[in-house]
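Fold and contact review
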Amino acid sequence: MSLNEAKRIAAHRAVNEWVKTGTAVGIGSGSTVVFAVERLAERMKSENLNVACVPTSFQARQLIIEHGLQLSDLDRNPQLDVAIDGADEVDNDMVLIKGGGGCLLQEKIVASCAENLIIIADYTKNSKKLGDQYKKGIPIEVTPMAYVPIKQHIQKCFGGSLKLRMAVAKAGPCVTDNGNFILDWEFASEKAYNWPDVNRDLLMIPGVVETGLFVNMATKAYFGMSDGQVRTQERNASI
């Protein structure tokens, strides 16, 4: 089974199990979420499904509009029933790395407003510990004027190295939907980190807007496997 097919089966199962008519849904960003939105659109036509969709990015907003779903926002739906999003990596403790697509701030805001955060991914995103499979580091969104001192501070306190993410097809740094820069922290994979503590300490650095560490946020993850099955993992147990 291709990675896209693995993403599709994970996304479809999550949408089928967590979304019902009248639900307010946070719509994440990334390639796997495309399949979730497609499934929502299918169910809207076949079941007359009525859901309010709150996007986490410009990409998510366009997907909602293109598929004829009801576009909403956190002003109208400040409390969401569920948010469905992808992840760059999920470890055994359900700690996530997110933000490979640069939408971590809005993704975390929407996730924090949802009663349940549901992760959909293919089997390559499931790891015993962070860094096993995802090698691009943890994204950290920062204010542009502070990226150099933040970079130096993190390297001094936590080790590893940080790189300013550069844009594709544009000269200069990648700029987020919020006008900020992204530092990708390639942490020392052989070192044991207490991720809740690390996340808290990073957020205390002036100029750090948000991190791509999602700690104690995800309720359940769905991984499409190469054999066509869907493996699920919950915060306190695996199935």
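Below is a short write-up of the structure. (Residues numbered from 1 in each chain as written. Predicted model: local features only at pLDDT ≥ 70, side-chain atom pairs only at ≥ 80, totals over all residues. Heavy atoms only, no water.)

Comments concerning the packing of aromatic side chains
Summed over the entire model, instances satisfying the criterion amount to 8 aromatic pairs. Plain terms: the ring middles of Phe187 and Tyr193 are 5.7 Å apart, the flat faces sit at 85° to each other, and that makes the pair edge-to-face. Here the aromatic rings of Phe187 and Trp195 are separated by 5.1 Å at their centres, their planes lie at 75°, and the arrangement is edge-to-face. With respect to burial, Phe187 and Trp195 carry one shared label: buried. Aromatic rings pair up to connect Phe158, Trp185, Phe187, Tyr193 and Trp195 into one cluster. Geometry around Phe214 places Lys98 over its ring, the cationic atom sitting 5.5 Å from the centre. The lysine or arginine in question, Lys108, covers the ring of Phe214, its NZ or CZ lying 4.8 Å from the ring centre. (Phe/Tyr/Trp six-rings, centres within 6.5 Å; stacked < 30°, edge-to-face > 60°. Buried < 20%, exposed > 50% of the residue type's maximum accessible area, 1.4 Å probe, protein only. Lys NZ or Arg CZ within 6 Å of the ring centre and 35° of its normal.)

Some thoughts on the pattern of salt bridges
Between side chains of opposite charge, pairing is possible as soon as their charged atoms come close. Within this structure, the stated rule accounts for 15 salt bridges. For Arg39, the salt bridge is made with Glu42, and the minimal N-O distance between the two is 3.0 Å. Here the residue Arg39 and the residue Glu42 both occupy positions in helix H2 (residues 31–47), the gap between them amounting to 3 residues, near one helical turn. Of the residues examined, Arg39 reaches a relative accessible area of 18% and is grouped as buried. (Salt bridge = Lys/Arg side-chain N within 4 Å of Asp/Glu carboxyl O. Helix = DSSP H or I, 4+ residues; strand = E, 2+ residues; numbered from the N terminus.)

Remarks on the sheet that holds strand S12 (residues 213–214)
Across the sheet, which stays open at both edges, the 3 strands sit in the order S5-S6-S12 with antiparallel pairing between neighbours. The open sheet has two edge strands, strand S5 (89–90) and S12, and neither has a second partner. Of the strand pairs in this sheet, strand S6 (residues 96–97) and S12 are connected by 2 bridges, and their pairing is antiparallel. If you follow Leu96 over to S12, its bridge partner there is Phe214. (Pairing = 2+ DSSP bridges.)

Observations concerning the nonpolar core
The biggest cluster of nonpolar side chains holds 26 residues, and the ones touching the most others in it are Ile154, Trp185, Trp195, Leu202 and Leu213. Shared between two domains, this core holds at least three residues of each, these being domain 1 (3–125 + 215–225) and domain 2 (138–211). Apart from the residues within four sequence positions on either side, Trp195 is in contact with Asp91, Val95, Leu130, Ile138, Trp185, Phe187, Leu213 and Val215. Judged by nonpolar contacts, the second largest core, of 25 residues, contains Val33, Leu40, Ile118 and Tyr222. (Core = buried A, V, L, I, M, F, W, Y, C linked by side-chain atoms within 4.5 Å. Domains from an automatic or database assignment. Contact = heavy atoms within 4.5 Å.)

Observations concerning helix H1 (residues 3–18)
Think of an α-helix as 3.6 residues a turn; residues three or four steps apart then line up on the same face. Taking 1.5 Å as the rise per residue, H1 with 16 residues should run 22 Å; its terminal C-alpha atoms sit 23 Å apart, in good agreement. Every buried residue of H1 is listed here: Ala6, Lys7, Ala10, Ala11, His12, Ala14 and Val15. Summarising the contacts, the buried residues of H1 are in contact with H2, strand S4 (80–85), strand S7 (114–122), strand S13 (218–224) and strand S14 (230–234). (Expected span 1.5 Å × (residues − 1).)

Regarding the side chain of Glu107
With respect to the element layout, Glu107 can be found in helix H4 (residues 104–112). For Glu107, the contacting residues outside a window of four places in its chain are Ser29, Thr56, Asp85, Lys98, Gly99 and Phe214.

As for the environment of Lys129
Position of Lys129 among the secondary structure elements: in the loop between S7 and strand S8 (138–142). Residue classification places Lys129 among the partly exposed residues on the basis of a relative accessible area of 41%. A sequence separation of 15 residues divides Lys129 from Pro144, and the C-alpha atoms of the two residues are 30 Å apart. In contact with Lys129, not counting residues within four places along its chain, are Glu89, Asp91 and Ser189. A polar contact is formed between the side chain of Lys129 and the backbone oxygen of Ser189, at a distance of 3.0 Å. (Polar contact = N/O pair within 3.5 Å; in protein donor to acceptor, adjacent residues only side chain to side chain.)

Geometry only, nothing functional implied.
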